[in-house]
Amino acid sequence: MKTSIATVSISGNLREKLAAIAAAGFDGIEIFEQDFIADEASPREIGNMIRDHGLEITLFQPFRDFEALPEPYRAKAFDRAERKFDVMQELGTDLILICSSVHPKSLGGIDRSAADFHELGERAAKRGLRVGYEALAWGRHIDDHRDAWEVVRRADHPNTGLILDSFHTLGRKLDPESIRSIPGDKIFFVQLADAPLIEMDLLYWSRHFRNMPGEGDLDVTRFMQAVMATGYSGPISLEIFNDQFRGGNTKSIAQDGYRSLVALMDDVARAEPEIDSPTIPARAQPLGVSFVEFASRGDEARDLESLLSALAFEKVGTHLNKAVTLWQQGDIRIVINEETSGHAASMWSARGTSVCDLGIKVADATAATERAKALGADPFAQPLGPGELPIPAIKGLSGSLMHLLDDTADMDQVWSREFASDATPTGAGMTHIDHLAQTMSYDEMLSWSLFYTSLFDMQKSPIADVIDPDGLVRSQVVETKDGALKVTLNGADTHRTLAGSFLAETFGASVQHVALATQDIFATLATLKERGFETLEIPSNYYADLTARFDLPSGLLAQMQQHNVLYDQDDSGSFFQCYAPTTAAGFFFEIIQRADGYRGFGGPNAPFRIAAQKRMQRPKGVPAR
Ligand SMILES: O=C(O)c1ccc(O)c(O)c1
Ligand SMILES: [Mg+2]
C-alpha cells in the first residue's frame, strides 16, 4: 500500500518539504495548490522535481465550490475545473480532490450535484484524469461521507469517485462502519488525520488542531479498518492542518507522520486479520528501566558521584575498556560515561552533564529493534571493544539513544561481563526506577508520545496543566498497563519555567528527573540523613494545607514535615514523595513511596515542588527577576 502526505502537513517551502517527505520514507504527496503556486518553477518543472525525489503526486487539491450551482456560476465552475486539469497534466497527476461546496449560491440537491459530477467525470476522462468528491464536515449541503457517496453513486461515471477523510467522518461523530457498504473501487483516495477531543467549531478544529493518527483521540484505526474492508487499495495519505506542525521541524514532523502511518496500518492488520496480516513485530512490552546513563566529565562527574553517594548508591564496577562506571542500589543502575569520543562525548560537549542513554528492558530486544526500524528509527551501533556484548540500540528523538535489553544472548550478563559487577547493594532501600520524567518544548510533546506509544505497548493520559510560578508546563503520562515503564512528558513553553530553564541550560536534553521507589520512605530518609543527605525544603504552609485537605494522623504529618515529604491521595491509594537538590543544570532525583496501589504522580504537589526548587536555585536575597 502506498503512503502519502499532503504538503500542507509540514513546514518549509516546497523544496524543503519534498526533501523531508522523501527522506522520511513516503511514496507520494498530495500537492496543495498554494504550495506550487508559491514556487518559481513551472508546473512541469515542479512535477519533475517531485519525481526526482522518488515521489509520486497522488493527488492535486483542493478544488472548491464546484457542484450544484445555478448559471452563470455553474459554467464558470466548469471553466475553472478545466484550467486545473491543464495544471494537473503539466504536473503529472491524474486525481483532483473536490471538496463539498460552501458557496452561498449552491442549490444543493443530490441529483443536481450528481449530474455535475457526471459531466465533470466525462470531461476528466477525455484527458485521462479522475475527480474525487470529499464531504467537508461543514459543507453547505453535503457534510457527510454517506451523502457524498450517494452523489458519486448517482453520478455513475467511472472517472468520478469518492474521497474519504477520517477527520470529516470522525470529527462529526459519524459511524465509520457505514464505510463498509461502499465499493472499494469507487473510493479513489483516503486521507487520514487524528485530532484531540476539544469542543469547538468544526472548521476551526480541522484547520488548526489535526494531528497524526495516534497523536489525538479519534478512532482512526476503526475508520481505516472499515476502509480496508471495502477492498480499497489506493494510497493512504496524511492530511494534517496543524499550527504547530506548520512552524515545526520539517524533517521530524515528516518522520512522525511516517511512524504514525506504519503503526496505524499494523494496528489495522492486527484488528482485521481476515483482510491483512501484520508485517512488522507487535508493539514491544517494556518490563522496566534497566539503566540510566549520564554523559559527564571531570568535576561535573565528581559532583554527580557525590550526589549518588549521598543517595546511598555504590560504585559497583568500572567498564572493561572505557571511562565508564556503574552505580547501583537495588535494581537501579546509573551509568556515568566520561569517554572522550563516541555518543556520550558528543552529548556532553553539546549539553553538559545529562542523560545520554536509556536502557529499556523488553521481552524480545531483537523484535523491538525491528519494530523501531520499521517505524523509521535509525539503528545505533558503536564499535565493540574486547569482551563487550552487542546490545541493540536505536536513536530516539532529539539526539537521544535507547538500548533495548532482554535476557537472551547473555545480555543480562552485561553488568558482570563488562563491569565485573555482581553486587546488588541495598543502600538506603530504594528498589527500582519508578518513572522517568522527560522535559521538552511543548511543540515536541506529540512526537515523544507517538514515539513511545508506537514502539511500546503504552498508553497516554490526557494532558494536565502544571503551574510554575513563571509559566505553565503541560504534563502527560505515558505508561504500560502494569506500570512497569512509566514516563512523564513535560512540555515547556517559556524558558522562565523550571522545565524551560533546564531545556535552555542543557540545549535540549530530555530526562530531567528520575524517580526512585522505596517501600518505606521514612526508613530510607532516616538512612540518608545519617549520610548527610539534605532534601528539598518544603514550607510549613504546605503541611497546614495538608491537614485541611486530608484526615492524616498527626504523627504521620509531623514525620512528613520533618523529612520534607509531600503527600497525595486519591481513589487508587496514597503517595509519598521527596526531592533531592537539583544539579547545576537542573536535573534532580525524586524518592517516592506508593501505598495501596496509588497510580498517580503527585500532580497536585508539582506547583509547590517547583516553587521550592526555584527558591533553592536562587541565591538568597536576589529577587526573582
Ligand atoms: O479545510 C479545508 O478547506 C479542507 C480542504 C481540503 C480538504 O481535503 C480538507 O479535508 C479540508
Ligand atoms: Mg481532506
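Residues numbered from 1 in each chain as written. Chains lettered and ligands numbered in written order. Predicted model: local features only at pLDDT ≥ 70, side-chain atom pairs only at ≥ 80, totals over all residues. Heavy atoms only, no water.

- In the nomenclature of an unreviewed UniProt entry, the protein corresponds to 3-dehydroshikimate dehydratase from the organism Cognatishimia coralii.
- Regarding the protein, the relevant UniProt record gives this comment under Catalytic activity (unreviewed entry): "3-dehydroshikimate = 3,4-dihydroxybenzoate + H2O".
- Under the UniProt heading Cofactor (unreviewed entry), the entry covering the protein gives this text: "a divalent metal cation". (UniProt positions renumbered as here; feature names shortened; annotations may be inferred.)

## Observations regarding unusual backbone geometry
And step 1. Note the cis peptide between Q61 and P62, where omega equals -10°.
And step 2. With an omega of 5°, the peptide bond running from E71 to P72 counts as cis.
And step 3. On the secondary structure map, P72 appears in the loop between strand 3 (56-63) and helix 4 (73-91).
And step 4. Even without being glycine, A420 reaches a positive phi, approximately 50°. (Helix = DSSP H or I, 4+ residues; strand = E, 2+ residues; numbered from the N terminus.)

## Details of the packing of helix 9 (residues 220-229) against helix 11 (residues 250-271)
And step 1. As a packed pair, helix 9 and helix 11 sit with axes 9 Å apart at the nearest point and diverge in direction by 65°. Both helix 9 and helix 11 take part in a crossing whose hand is right-handed. From helix 9, V220, T221, M224, Q225 and M228 reach across to helix 11, where they touch L264, M265, D267, V268 and A271.
And step 2. When the residues that make up the contact of helix 9 with helix 11 are grouped by side-chain class, the tally is 7 nonpolar, 2 polar and 1 charged. (Axes fitted to C-alpha atoms, helices over the stretch in contact; angles between N-to-C directions. Left-handed = near helix turned anticlockwise from the far one by under 90°. Contact = heavy atoms within 4.5 Å. Nonpolar A, V, L, I, M, F, W, Y, C, P; charged D, E, K, R; others polar.)

## With respect to the domain arrangement of the protein
And step 1. Split into domains, the protein comes out as domain 1 (3-271), domain 2 (286-418) and domain 3 (434-617).
And step 2. Here domain 1 and domain 2 have C-alpha centroids that lie 44 Å from each other.
And step 3. Of the residues lining the interface, 5 residues belong to domain 1; the matching set on domain 2 comes to 6 residues.
And step 4. Counting the surface lost from both domain 1 and domain 2, the interface buries some 490 Å², and carbon and sulfur atoms represent 51% of this.
And step 5. Seen at the junction of domain 1 and domain 2, the total is 1 salt bridge.
And step 6. A salt bridge links D266 to R371; the shortest N-O distance between them is 2.7 Å. (Domains from an automatic or database assignment. Buried area = accessible area lost by both parts, 1.4 Å probe. Salt bridge = Lys/Arg side-chain N within 4 Å of Asp/Glu carboxyl O.)

## Thoughts on the UniProt feature "domain: VOC" (unreviewed entry) in the protein
And step 1. Mapped onto this structure's residue numbering, the UniProt feature "domain: VOC" (unreviewed entry) falls at residues 288-407 and 432-581.
And step 2. This span, residues 288-407, is 27% helix and 37% strand, and a straight line between its end C-alpha atoms measures 13 Å.
And step 3. With 33% helix and 35% strand, residues 432-581 has end C-alpha atoms that lie 20 Å from one another.

## Let's talk about the pairing of strand 9 (residues 286-295)
And step 1. Within strand 9, 9 of the 10 residues are buried, leaving the element largely enclosed by the surrounding structure.
And step 2. Bridge analysis of strand 9 against strand 13 (residues 354-362) gives 8 bridges, and the strand direction is antiparallel. Residue pairing across strands places P286 opposite V362, the latter belonging to strand 13.
And step 3. Note: strand 9 against strand 12 (residues 332-337), 4 bridges, orientation parallel. Bridging across to strand 12, E293 finds its partner in V335. (Buried < 20%, exposed > 50% of the residue type's maximum accessible area, 1.4 Å probe, protein only. Pairing = 2+ DSSP bridges.)

## A closer look at the UniProt feature "binding site: Mg(2+)" (unreviewed entry) in the protein
And step 1. According to UniProt, the "binding site: Mg(2+)" (unreviewed entry) feature falls on H435, H513 and E590. Spatially, the listed residues are clustered: although they cover 156 residues, their C-alpha atoms lie within 9.6 Å of one another.
And step 2. Within the fold, H513 resides in strand 22 (residues 511-518).
And step 3. In this structure H513 comes out as buried when scored by relative accessible area, which is 8%.
And step 4. Dropping the residues within four chain positions of it, H513 is found in contact with H435, L436, A437, F587, F588 and E590.
And step 5. Residue position: E590 is located in strand 25 (residues 588-595).

## Thoughts on the site of ligand 1
And step 1. In the vicinity of ligand 1, 14 residues are found, and the nearest of them are R64, E134, H168, R207 and E239.
And step 2. Q61 places a polar side-chain atom, nitrogen or oxygen, 3.2 Å from an oxygen atom of ligand 1.
And step 3. Isolated, ligand 1 exposes 290 Å² of accessible area, and the fraction of that covered by the protein chains is 100%.
And step 4. Looking at the shell around ligand 1 residue by residue, the class counts come to 5 nonpolar, 3 polar and 6 charged. (Near = heavy atom within 4 Å. Polar contact = N/O pair within 3.5 Å; in protein donor to acceptor, adjacent residues only side chain to side chain. Areas by Shrake-Rupley, 256 points an atom, 1.4 Å probe, with all protein chains shown as cover.)

## Some remarks on the pairing of strand 11 (residues 324-329)
And step 1. Strand 11 sits mainly inside the fold: 6 of its 6 residues count as buried.
And step 2. What you see with strand 11 is no split at all: V324, L326 and Q328 on one side and T325, W327 and Q329 on the other are buried throughout.
And step 3. Summarising the sheet, strand 10 (residues 314-318) and strand 11 pair through 4 bridges and their orientation is antiparallel. Paired with T318 across the two strands is T325, which belongs to strand 11.
And step 4. Here strand 10 folds back onto strand 11 in antiparallel fashion, the turn holding 5 residues.
And step 5. As paired strands, strand 11 and strand 12 are joined by 6 bridges and run antiparallel to one another.

## Considerations on helix 19 (residues 540-549)
And step 1. Taken as a whole, helix 19 has its buried residues at Y542, Y543 and L546. Relative to the axis of helix 19, the buried residues are bounded by an arc of 95° and lie together on one face. Facing away from the buried side of helix 19, by more than 90 degrees, are the exposed residues N541, A544 and A548.
And step 2. Contacts made by the buried residues of helix 19 are with helix 20 (554-563), strand 23 (566-570) and helix 21 (606-617). (Arc of directions from axis to C-beta.)

## Digging into empty space enclosed by the protein
And step 1. Counted according to the given criterion, the structure contains 4 cavities of 30 Å³ or more.
And step 2. Its boundaries defined by the atoms lining it, the largest cavity holds a volume of some 120 Å³.
And step 3. Lining of the largest cavity is provided by 16 residues; of these, L358, S400, L401, W448 and S510 occupy positions nearest its centre.
And step 4. Secondary structure elements with two or more residues in the lining of the largest cavity: helix 13 (343-351), strand 13, strand 16 (401-405) and helix 16 (445-455).
And step 5. Here the element with the most residues in the lining of the largest cavity is strand 13; it accounts for 4 residues.
And step 6. In the lining of the largest cavity, the residues fall into 10 nonpolar, 4 polar and 2 charged.
And step 7. There are two domains that each give the lining of the largest cavity at least three residues, and those are domain 2 (286-418) and domain 3 (434-617).
And step 8. The space that makes up the second largest cavity amounts to roughly 60 Å³. (1 Å grid on protein atoms, 1.4 Å probe; cavity = no way out; pocket = protein on both sides within 12 Å on 5 of 7 lines; lining within 4 Å. Points joined across faces, edges and corners; volume = space filled by probe spheres on them.)

## A look at the coordination of the magnesium ion (ligand 2)
And step 1. In this structure, E134 (OE), D165 (OD), Q191 (OE1) and E239 (OE) serve as the protein donors to the magnesium ion (ligand 2), at separations of 2.0 to 2.2 Å.
And step 2. When the donors of the magnesium ion (ligand 2) are listed by position in the chain, the intervening gaps give E-x30-D-x25-Q-x47-E. Of the two residues, Q191 is situated in strand 7 (residues 187-192) and E239 in the loop between strand 8 (236-238) and helix 10 (243-246); the sequence distance between them amounts to 48 residues.
And step 3. Relative accessible area serves as the criterion here: at 0%, Q191 is assigned to the buried category. (Donors = N, O, S within 2.8 Å, 3.2 Å for Na, K, Ca; no water.)

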